[in-house]
Amino acid sequence: MQRPELVCPAGTPAAMRTAVEAGADAVYCGFQNATNARNFPGLNFTPDELERSIAHAHEHGTKVLLAINTFPPAGKVDLWREAIDLGARLGVDAYIVADIGVADYIARNHPDIRLHLSVQAAASSPEAINWYCREFGVKRVVLPRILTVSEIKQIASEIPCEIETFIFGNHGLMVEGRCSLTNYITGQSTNYDGVCSPAADVEYRRDEEGNLSTRLGDFTIDCFSCNETAGYPTICKGRYLTPARDKGYYAFEEPISLNLSSLLPDLMAAGVNALKIEGRQRSRAYVRNVVSSFRKAVDAIMAGQEPPLADLIALTEGQKQTEGAFKSKTWR
Amino acid sequence: MEPVTPTQPDLQTGDIRAPRLRPPLPLFLLQPILRRIVTRIAAQNPDMFNRLGPHRSANFIIDVKGLPFALHLRPDPDDLLFRAVPRNRKPVADAEIRGGFLDLLGLVDGESDGDALFFSRDLVITGNTEAVVCLRNALDDVDGSIAAEVADMFGPPGRAMLSAMRRASARRKN
């Protein structure tokens, strides 16, 4: 069994240093603009910050992967090209991309830098992945979170590139890179602008009894009673009233996080080359706890030992976790 | 004259019940200390203000459950403000952050995750969510611990106090 790379999130330079210290093999990050899918206020890296962060990561043998994983709208492609060229100058180890125009630009202009296919490209079949490899020289595909371990193993046997799978964080069951729910309410696009439920459009209201309602734009998307755990303010995790139901229900997904701690040996045996932790929007405390937990687990498996399973439930969305489709298609 | 009702924490929520009448708190004693703290933190971490973007002039109320007063923060490096305000006379603010003392301490100590505290409902934010997100990201991009920087200002007693609070926080988590 080969040792998989542990790929960890960083939304700030401090988070990147934390990830490096906690044992990340690679850290992924983005610039402070729409070229990445976590274009949140106060998050991400300036060019100077990224330059210093890359130097620090490389000193410790950690790779830096630059997420350029949104889709440039017509007429705005220059921002994406500038980010790509800047990343090359700063010495990133790989780009994570979703758009075929972006992939084509990198393949033509920076052929020596590795190209990883983002989960946002939603490539889930060997045919689709092989096309990306053939056309753009993609070296790794980040698989959507809709495949079982046995399906991943099958795909691994039919493609020429590495496989990266999510192991912790956002459950992400929507068809990734295609979701337009935020766009309907806020006018901002997850795929073009890099922001799902922009904070400027989110409002929390707490009533006298301690109930918390979450609003996005002009719409209430959930209401948590005082003892209920909460989730992110996204439409896909909202609860809705319909005539067919007695009370609000989760029409798309529940607030719940993916946690594949117990499936790590299976994933590694299936030929997964890299294990990804979601959460660039999360804190240093999250990065330190989650990265160090999975570092220990992966190292234990490689040493032939039983992996220690850390209790990460307090860090999960809604304080609930699942192995989702990785374990069973009927997980819900 | 109506008798003074002592301040009582609500055992369900940790809130302070507003008494019908209470003596004015001697907040003026706190103000120079709070001013010194915010000035020191700002001087030691000048880059963090960049993450606040347009919200550096926003006014935040930090409502610590169990304290008989609230805190008013304006993280503008050119016009810094950090002061205690009476609970019944909180100024109009852009956003309010409400949580338990140890939870909020964990955030500025780099030991707690704000999203997790939100999920568990231990942290409540109202008002301008974007301003709060920017403040959270600015504080989280500080290497080390803001709580430790503050403790250092008060020498060995400050560090001992922080150690005691960290132990209390760890005991609660376990």
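From a predicted model like this one, the values you see are computed outputs, not experimental measurements.

## Focus: the overall build of chain A
Right, on to step 1. In terms of regular secondary structure, chain A is built from 10 helices and 15 strands.
Right, on to step 2. Here the C-alpha atoms of chain A give a radius of gyration of 20 Å, agreeing with the 20 Å that 2.2 N^0.38 yields for 332 residues.
Right, on to step 3. If one aligns the C-alpha atoms of chain A with their principal axes, the spans along those axes are about 55 × 50 × 40 Å.
Right, on to step 4. Taking all 332 residues of chain A together, 50% fall into the buried category.
Right, on to step 5. Long-range pairs, those at least 24 residues apart, make up 62% of the contacts in chain A between residues at least 6 apart in sequence.

## Some words on the environment of B:T129
Right, on to step 1. Mapped onto the secondary structure, B:T129 falls in helix α4 (residues 129–140).
Right, on to step 2. Distance in space between the C-alpha atoms of B:T129 and B:G155 is 36 Å, their sequence separation being 26 residues.
Right, on to step 3. Excluding anything up to four places from it in sequence, B:T129 contacts A:A199, A:V202, A:E203 and A:Y204.

## Some words on the domain arrangement of chain A
All names here are of chain A.
Right, on to step 1. Domain boundaries in chain A define domain 1 (5–173 + 256–327) and domain 2 (185–250).
Right, on to step 2. Inter-centroid distance (C-alpha atoms) of domain 1 to domain 2 is 27 Å.
Right, on to step 3. In this assembly, 14 residues from domain 1 lie in contact with 11 residues from domain 2.
Right, on to step 4. In terms of residue class, the side of domain 1 that touches domain 2 is made up of six nonpolar, six polar and two charged.

## Section: the interface of chain B and chain A
Right, on to step 1. Listed by partner, the interface residues are 28 residues for chain B and 31 residues for chain A.
Right, on to step 2. Counting residues per element, the ones that place at least two in the side of chain B that touches chain A are α3 (114–119), β7 (123–127) and α4 of chain B.
Right, on to step 3. In terms of residue count, the dominant contributor to the side of chain B that touches chain A is α4(B) (seven residues).

## Comments concerning the pairing of strand β7 (residues 162–170) of chain A
Residue and element names in this part refer to chain A.
Right, on to step 1. By the criterion of burial, β7 is predominantly enclosed, with eight of the nine residues buried.
Right, on to step 2. As paired strands, strand β6 (residues 140–142) and β7 are joined by three bridges and run parallel to one another. When the bridges of β7 are listed, R140 appears paired with E162.
Right, on to step 3. Taking the sense of rotation as the criterion, the β-α-β connection linking β6, helix α6 (residues 149–156) and β7 turns out right-handed.
Right, on to step 4. In this sheet, strand β13 (residues 257–259) lies alongside β7 in antiparallel orientation, the contact comprising three bridges.

## Some remarks on the nonpolar core
It is characteristic of soluble globular proteins that their nonpolar side chains tend to be buried jointly.
Residues and elements named next belong to chain A.
Right, on to step 1. One finds A19 and V27 to be the most contacted residues of the largest nonpolar core, which totals 123 residues.
Right, on to step 2. Ranked by residues supplied to this core, first place goes to helix α9 (residues 284–302) with eight residues.
Right, on to step 3. Look past the residues within four positions of V27 in its chain and what remains in contact with it is C8, A10, M16, A19, V20, A57, T62 and V64.
Right, on to step 4. Judged by nonpolar contacts, the second largest core, of six residues, contains V202, I221, I235 and C236.

How each quantity is defined
Sequence positions are assigned chain by chain, starting from 1 and proceeding in written order. As a convention, the first chain written is A and the first ligand written is 1, with the rest following in written order. Local features are withheld for residues below a pLDDT of 70 in this predicted model, meaning they are given only at 70 or higher, and side-chain atom pairs are given and counted only at 80 or more; totals for whole chains, interfaces and linings count all residues. A helix here means a DSSP run of H or I that spans at least four residues, while a strand means a run of E at least two residues long, and both kinds are numbered starting from the N terminus. C-alpha atoms define the radius of gyration, and 2.2 Å times the number of residues to the power 0.38 defines the globule rule. Counting other C-beta atoms within 10 Å of a residue's C-beta gives its exposure: the residue is buried at 20 or more, exposed at 12 or fewer, and partly exposed in between, where C-beta atoms are placed from the backbone. We call two residues in contact when the distance between their C-beta atoms, placed using the backbone, is within 7 Å. The domain limits used here are those given by an automatic or database domain assignment. Here the nonpolar group is Ala, Val, Leu, Ile, Met, Phe, Trp, Tyr, Cys and Pro; Asp, Glu, Lys and Arg are the charged ones; every other residue, Gly included, is treated as polar. The pairing criterion for strands is at least two bridges between them, as found by DSSP. Crossover handedness is defined by viewing with both strands directed away from the observer: a clockwise path from the first strand over the helix to the second marks the crossover as right-handed. Linking buried Ala, Val, Leu, Ile, Met, Phe, Trp, Tyr and Cys residues through C-beta atoms within 7 Å yields a set, and such a set is a nonpolar core.

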